[in-house]
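Read off the chains here:
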Amino acid sequence: MKRCLAVTGAAVLLLAGCGAQEEPQAAAGPVSIDYWLWDTAQQPQYQACADAFHKANPNYTVKITQYGWDDYWNTLTTAFVSGTAPDVFVGHLSRYPQLAAQGQILPLDDQVTKDKVDLSIYQDGLADLWVAKDGKRYGLPKDFDTVATIYNTDKLKEAGIKPEEMAELTWNPQDGGTYEKVIARLTVDKNGKRGDEPGFDKTKVATYGLGLNGSGAGFGQTEWSQYAMSNGWQYGDQNPWPTKFNYADPKFKETIKWFTSLIDKGYVPTMDIVNSGVGQIDAYGAGKYAMVSEGSWNTKTYWNLKGVKSALAPTPIGPTGKRASLFNGLADNISASTDSPDAAWAWVKFLGSPACQEEIVAKEAIVFPAIKTATVKAEQAFKDAGIDVKPFTMHVQEGTTHLAPIAEHWADITATMTETMDAIFSFKADVNSLDQANATVNGYFG
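We now turn to the structure provided with this report.

Rules of the game
Residues numbered from 1 in each chain as written. Predicted model: local features only at pLDDT ≥ 70, side-chain atom pairs only at ≥ 80, totals over all residues. Heavy atoms only, no water. Helix = DSSP H or I, 4+ residues; strand = E, 2+ residues; numbered from the N terminus. Rg over C-alpha atoms; globule rule 2.2 N^0.38 Å. Buried < 20%, exposed > 50% of the residue type's maximum accessible area, 1.4 Å probe, protein only. Areas by Shrake-Rupley, 256 points an atom, 1.4 Å probe, with all protein chains shown as cover. Lys, Arg positive; Asp, Glu negative; His and termini not counted. Charge placed at Lys NZ, Arg CZ, Asp CG, Glu CD. Salt bridge = Lys/Arg side-chain N within 4 Å of Asp/Glu carboxyl O. Phe/Tyr/Trp six-rings, centres within 6.5 Å; stacked < 30°, edge-to-face > 60°. Lys NZ or Arg CZ within 6 Å of the ring centre and 35° of its normal. Pairing = 2+ DSSP bridges. Core = buried A, V, L, I, M, F, W, Y, C linked by side-chain atoms within 4.5 Å. Contact = heavy atoms within 4.5 Å. Polar contact = N/O pair within 3.5 Å; in protein donor to acceptor, adjacent residues only side chain to side chain. Expected span 1.5 Å × (residues − 1). Arc of directions from axis to C-beta. Axes fitted to C-alpha atoms, helices over the stretch in contact; angles between N-to-C directions.

## Section: the overall build of the protein
- Per the secondary structure count, the protein includes 18 helices and 13 strands.
- Since a compact globule built from 446 residues should have a radius of gyration of about 22 Å, the 22 Å found for the protein is in line with a globular shape.
- With respect to the principal axes defined by its C-alpha atoms, the protein has extents near 75 × 50 × 35 Å.
- Expressed as a percentage of the 446 residues in the protein, the buried residues total 57%.
- Accessible surface computed for the protein: about 17,900 Å², of which carbon and sulfur atoms make up 50%.
- Looking at the protein, you have 39 positive and 52 negative side-chain charges, and the mean spots of the two groups are 6 Å apart.

Shown next as structure tokens:
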């Protein structure tokens, strides 16, 4: 999953920066560009971009296909093998390095230079994420995402907690700080007892103080990354392209030990509940979770839930004295097997331009576009929809973002860490099992 990564009018629909760029050469005949994405919430806004792109380039038509996250990558892998991959598809930081190494996606350096694409228009650091270890660029940033807390305002009021308290919560791995106190207070068993009251029954919980998506594997974007990083931990010795990972670091171990203690105390759902088939969003909507840690890309989905009033709070301040959030972002990749590389590049360039990001995407209040000026428009669009997104954007403004890890062997890392973290979160193993997992992960790098 999990993701700011901004010119109006037809005359400038193909601008991707402050300076004019050359129009792509029109194809001899009509070209249909096959484009895949995984987020159903974003499909309408990119269809609007496709329509604007076609209006400016009548010979180019974009056909959009949407898959769910899991099906998306499985289907894409099969398509590469069978030679039926789309011309362009939404890429992910954890996936593109392997695709680039295998020669399955095209570098964009020549096109970026030729068309004078201005990379400075994007939020700082985002464009760098799409330069692979071979030094070549494989994408133009399309959006960015950070993490914050979404909470049920009615449940907060019932617990006697004031909204302003949520803005200054702190946590530590010893007793959880004021953050754990709030989680405990918001937890209610089926007899009406709260998690901080005598007689609370952790085996019969009606509402968990904090929801859970899963164990987070080796990424933990919305599960535990914000806690570990605000405890002074980093994924590896460098980013991007770490040569060793730090999953056995004491700071990581104590973070995970604390977080899983919330499950043991009954404040956070067990892995059995998480894996029951009811997702975090639906469980929150049903009142099973009082608050959740979430990525900005899902904000509008929570606000669209019927019968639930929500608000946002920032991630808690950790032992470092600062908050933390992963800074992730998406881009579009061009398949090496495309029959229409010029058309594919024209579409990718448009997706990375103000004409798409500022004039269309920002106004939909679904994600934060990558272009700086578009971020401002997106914030206003969210505000117009009754959503104060400062808890997400403050990380960018205050410098508390941490770039998402970009590494070789990510599929292998994910497999190892999924098994290990699932076992820890299910209490089938303790945090010391991270020693062997870390050794295995580092073994992938020789």
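## Observations concerning the pattern of salt bridges
- A complete count under the given rule lists 13 salt bridges for this structure.
- The residue Glu-359 makes a salt bridge to Lys-377 at a minimum N-O spacing of 3.3 Å. Pair noted here: Glu-359 is in helix H14 (residues 354-361) and Lys-377 is in helix H15 (residues 372-384), with a separation of 18 residues, a long-range link.
- Each of Glu-358, Glu-359, Lys-363 and Lys-377 takes part in a single network of salt bridges with overlapping partners.

## Re the packing of aromatic side chains
- This model, assessed by the stated rule, comprises 40 aromatic pairs.
- Ring geometry for Phe-245 against Phe-445: centres 5.9 Å apart, planes inclined by 35°, an arrangement best described as tilted. Here Phe-245, found in the loop between helix H8 (225-229) and helix H9 (250-264), pairs with Phe-445, found in the segment after helix H18 (433-443); they are 200 residues apart in sequence, far enough to count as distant.
- Phe-245 gets classed as buried once you look at its relative accessible area, which sits at 2%.
- Aromatic ring contacts, followed pair by pair, group Phe-219, Trp-224, Trp-233, Tyr-235, Phe-245, Tyr-247, Phe-252, Trp-410 and Phe-445 into a single cluster.
- The residue whose ring lies beneath Lys-142 is Tyr-46, and the NZ or CZ to ring-centre distance is 4.1 Å.

## Regarding the environment of Leu-126
- Position of Leu-126 relative to the elements: it lies in the loop between helix H4 (109-114) and strand E4 (143-144).
- Residues Leu-126 and Lys-142 lie 16 residues apart in sequence; the distance between their C-alpha atoms is 9.2 Å.

## Regarding the pairing of strand E5 (residues 147-152)
- Most of E5 sits out of view: 6 of its 6 residues are buried.
- Here E5 shows a buried face lined by Val-147, Thr-149 and Tyr-151 and a second buried face lined by Ala-148, Ile-150 and Asn-152.
- With 5 bridges connecting them, E5 and strand E8 (residues 291-295) associate as antiparallel partners. Residue pairing across strands places Tyr-151 opposite Met-291, the latter belonging to E8.
- When E5 meets strand E9 (residues 310-313), the two strands line up antiparallel, connected through 4 bridges. Residue Asn-152 lies in a different strand from E9, and its bridge partner there is Ser-310.

## Focus: the nonpolar core
- Counting residues in hydrophobic clusters, the biggest one holds 139 residues, and the most contacted among them are Trp-224, Tyr-247, Trp-347 and Phe-425.
- Broken down by element, the residue count for this core peaks at 8 residues, all from helix H13 (residues 341-351).
- Other than its neighbours up to four places away in sequence, Phe-425 contacts Leu-212, Gly-214, Ser-215, Trp-224, Ile-256, Phe-259, Thr-260, Ile-263 and Met-271.

## Focus: the side chain of Gln-42
- On the secondary structure map, Gln-42 appears in the loop between strand E1 (31-37) and helix H1 (43-56).
- Taking relative accessible area as the criterion, Gln-42 reaches 5% and is therefore assigned buried.
- Reaching out from Gln-42, the side chain makes a polar contact with the side chain of Asp-39 at a distance of 2.9 Å.

## Overview of H15
- Compared with the 18 Å implied by 1.5 Å per residue over 13 residues, the 19 Å span of H15 between its first and last C-alpha is a close match.
- For H15, every residue scored as buried is listed here: Ala-374, Thr-375, Ala-378, Ala-381 and Phe-382. Angularly, the buried residues of H15 cover 120° about the axis, an arc narrow enough to put them on a single face. For H15, the exposed residues set more than 90 degrees away from the buried face come down to Val-376, Lys-383 and Asp-384.
- Backbone geometry just downstream of H15 places Gly-386 in the positive-phi region, at approximately 85°.

## Considering the sheet that holds E1
- Taken in spatial order, the 4 strands of this open sheet run E2-E1-E3-E11, and their pairing is mixed. Looking along the sheet, the strands with just one partner apiece sit at the ends: strand E2 (60-66) and strand E11 (331-334). Averaged over all adjacent pairs, the angle separating strand axes in this sheet is 30°, with direction ignored.
- As paired strands, E1 and strand E3 (residues 88-91) are joined by 2 bridges and run parallel to one another. Bridging from a neighbouring strand, Tyr-35 pairs with Val-88 of E3.
- Its contacts with the sheet place helix H2 (residues 69-82) against E1 and E3, and it is angled at close to 140° to E3.

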